[in-house]
Amino acid sequence: MKKTHKLFTLTLLLVTLMKIGFSWQIAIAHQPQETTRKTRSIPTTVETETDPRITNFDNPETNTTVYTEPVDNYETLVKADFLYQQGDRKAAEKLYRKVKAPFESHQNTMFPDPINNAENLSSEIQTQWEKTKKAADKKDNLEMLQEFVAQHPEFVPGHLLLAKTLQKNKKEKEAFQVLEKAASLFPYSAEIVEVHVKALRKEKDYLKASIAARQFVLVNPDSPEAENFQEIADENFNKFHNNIKGQMLGKGIFGTALRVGSCALLGNCDVVGIAVGEAIKMGGLMLQGESGLGSQAAKFYKKKLTLVEDKKVVKYITNIGNSIAELMGRDDFEYEFYVVRDDSLNAFVLPGGKVFVNTGAILNTNSEAELAGLIAHEVAHAVLSHGFQRIVTNNLYDSAGQIISEALKTDIPIGNIVTNLIGLQYSRSNERQADLLGTRVLATAGYAADGLRNFMVTVDKKDGNTGPLSFLSTHPASDDRVEYLEQLIEHNGYNRYAFEGVEKHREIQENLK
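Residues numbered from 1 in each chain as written. Predicted model: local features only at pLDDT ≥ 70, side-chain atom pairs only at ≥ 80, totals over all residues. Heavy atoms only, no water.

Moving on: the packing of helix H5 (residues 142-151) against helix H6 (residues 156-168). Contact geometry of H5 with H6 gives a least axis separation of 9 Å together with a crossing angle of 150°. Between H5 and H6, the angle is such that the two are roughly antiparallel. Between H5 and H6 lies a crossing of left-handed hand. Facing H5, whose interface residues are Leu142, Leu145, Gln146 and Val149, H6 presents Gly158, His159, Leu161, Leu162, Thr165 and Leu166. Across the contact of H5 with H6, the residue classes break down as six nonpolar, four polar and no charged. (Axes fitted to C-alpha atoms, helices over the stretch in contact; angles between N-to-C directions. Helix = DSSP H or I, 4+ residues; strand = E, 2+ residues; numbered from the N terminus. Parallel < 35°, antiparallel > 145°, perpendicular 65-115°, else oblique. Left-handed = near helix turned anticlockwise from the far one by under 90°. Contact = heavy atoms within 4.5 Å. Nonpolar A, V, L, I, M, F, W, Y, C, P; charged D, E, K, R; others polar.)

Spelled out as structure tokens, the structure:
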């Protein structure tokens, strides 16, 4: 009996050990094979557009499909960019949202929904409006109208009446300020732009009238009014051009100035051109237009500045620039992009679309989208003729709108003109216009729409450590500028969860170090 019990016990123990051994073999056979990936390897394919898993080519025998959570923000953005470019926008957005926090809520809107008819006001405000209109007929009650507009900025007729009343009271400058502010509040209002253009034409400020009309076209390319405003822009620019030519003819110096301008721009100098060398005559150059002026100024700067010749870096900036420029609507420009060896976080643009980007701007930005935001802002200044306008205002016309005789008779070195152009700050109105157009084009080009907004955050953080030629030295700061850009993006529904371009950007940064 004891022998039988021992035999049974040994048999049971042997069976148990066999089962354990067999299970261990199964576990070994089914254990996942370990795969190795480089920390920042670049995924080259996705399994499907809706499945964000990345095919692991490090083990070609198994072609194992794995998805690993990114270890930091950079890794997250690299994978999000990859998915975005592959067309898997939902998966990309999910990753972008992990890195990019929502904008803070804003109490005061900078883009109120316009009210064009008094009938859409509350009965109380309608009564206030009627009283305000009656008071506006009296010169000493202008303050009541100003207060009404401040309290109800969404009411478009209020802005128009205020501008009209200021004009009646011989306060043209204040009237233009009201119209410019209204245009920044309602960039899609054809009525406001039309009134603004007419007021500028009345003052024979044809260049500004052309710019105001063109801005509407560039910001509202799909508007049914766009074609009409383009014609208005061209008509007023032609009037500006003819005005210069007429005054030069009246002063009897048109031929000389034009020949010298042609010499400086085209290189076919005659005796007069050789005598003045690098000098030009302002009037002649103005007749060559924005592209001619920009080309001449660019020649001066290419000689003066240390340009980066690294083909990879230059191609990177040129590709970004062209992707922005082709959407700007100025086919008459020949865009050129240069990289300047300068640590300042800045860039500048010359008339006609000649853009210079400092290495400091490349090294101090966090992504391609951020850098593209800066470039879009600068190109917007060019297409809106802001630089051209500054040159005309500070070198050609006096306060009465007449061409300065000395500007036509005296040879003005191109260096002086460029120094004036680059050294002067843009107006706040110019900045708003460039922000508006730059952000719209940035979003249309497929970049994260908050690229310019993020650039401004970077500028704010680095302000004080970027030198005298930093972005804020030529672009006035504004306490509400980041908020304005945030509201602009939200108001228009622009996509901030789009291409950031962090990997290529870091690669270019390493090239410059």
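Moving on, we come to the packing of aromatic side chains. This structure, assessed with the given rule, holds 17 aromatic pairs. On the numbers, 5.9 Å between centres and 80° between planes, the contact of Phe240 with Phe388 is edge-to-face. Taken together, the residues Phe240 in helix H10 (residues 226-250) and Phe388 in helix H18 (residues 386-395) connect sequence positions 148 residues apart. There is no split in this pair, since Phe240 and Phe388 are both buried. The interplanar angle of 25° and the centroid separation of 4.9 Å between the aromatic rings of Tyr338 and Phe356 together place this pair among those described as stacked. Of this pair, Tyr338 sits in strand E4 (residues 336-340) while Phe356 is found in strand E6 (residues 354-358), placing the two residues 18 residues apart along the sequence. Look at Phe356 and you get buried, because its relative accessible area is 0%. Among the aromatic side chains, those forming a connected cluster through ring pairs are Phe300, Tyr301, Tyr338, Phe348 and Phe356. Lying across the ring of Tyr84, Arg89 places its NZ or CZ 3.9 Å from the centre. Sitting above the plane of the Tyr484 ring, Arg432 keeps its charged end 3.9 Å from the centroid. (Phe/Tyr/Trp six-rings, centres within 6.5 Å; stacked < 30°, edge-to-face > 60°. Buried < 20%, exposed > 50% of the residue type's maximum accessible area, 1.4 Å probe, protein only. Lys NZ or Arg CZ within 6 Å of the ring centre and 35° of its normal.)

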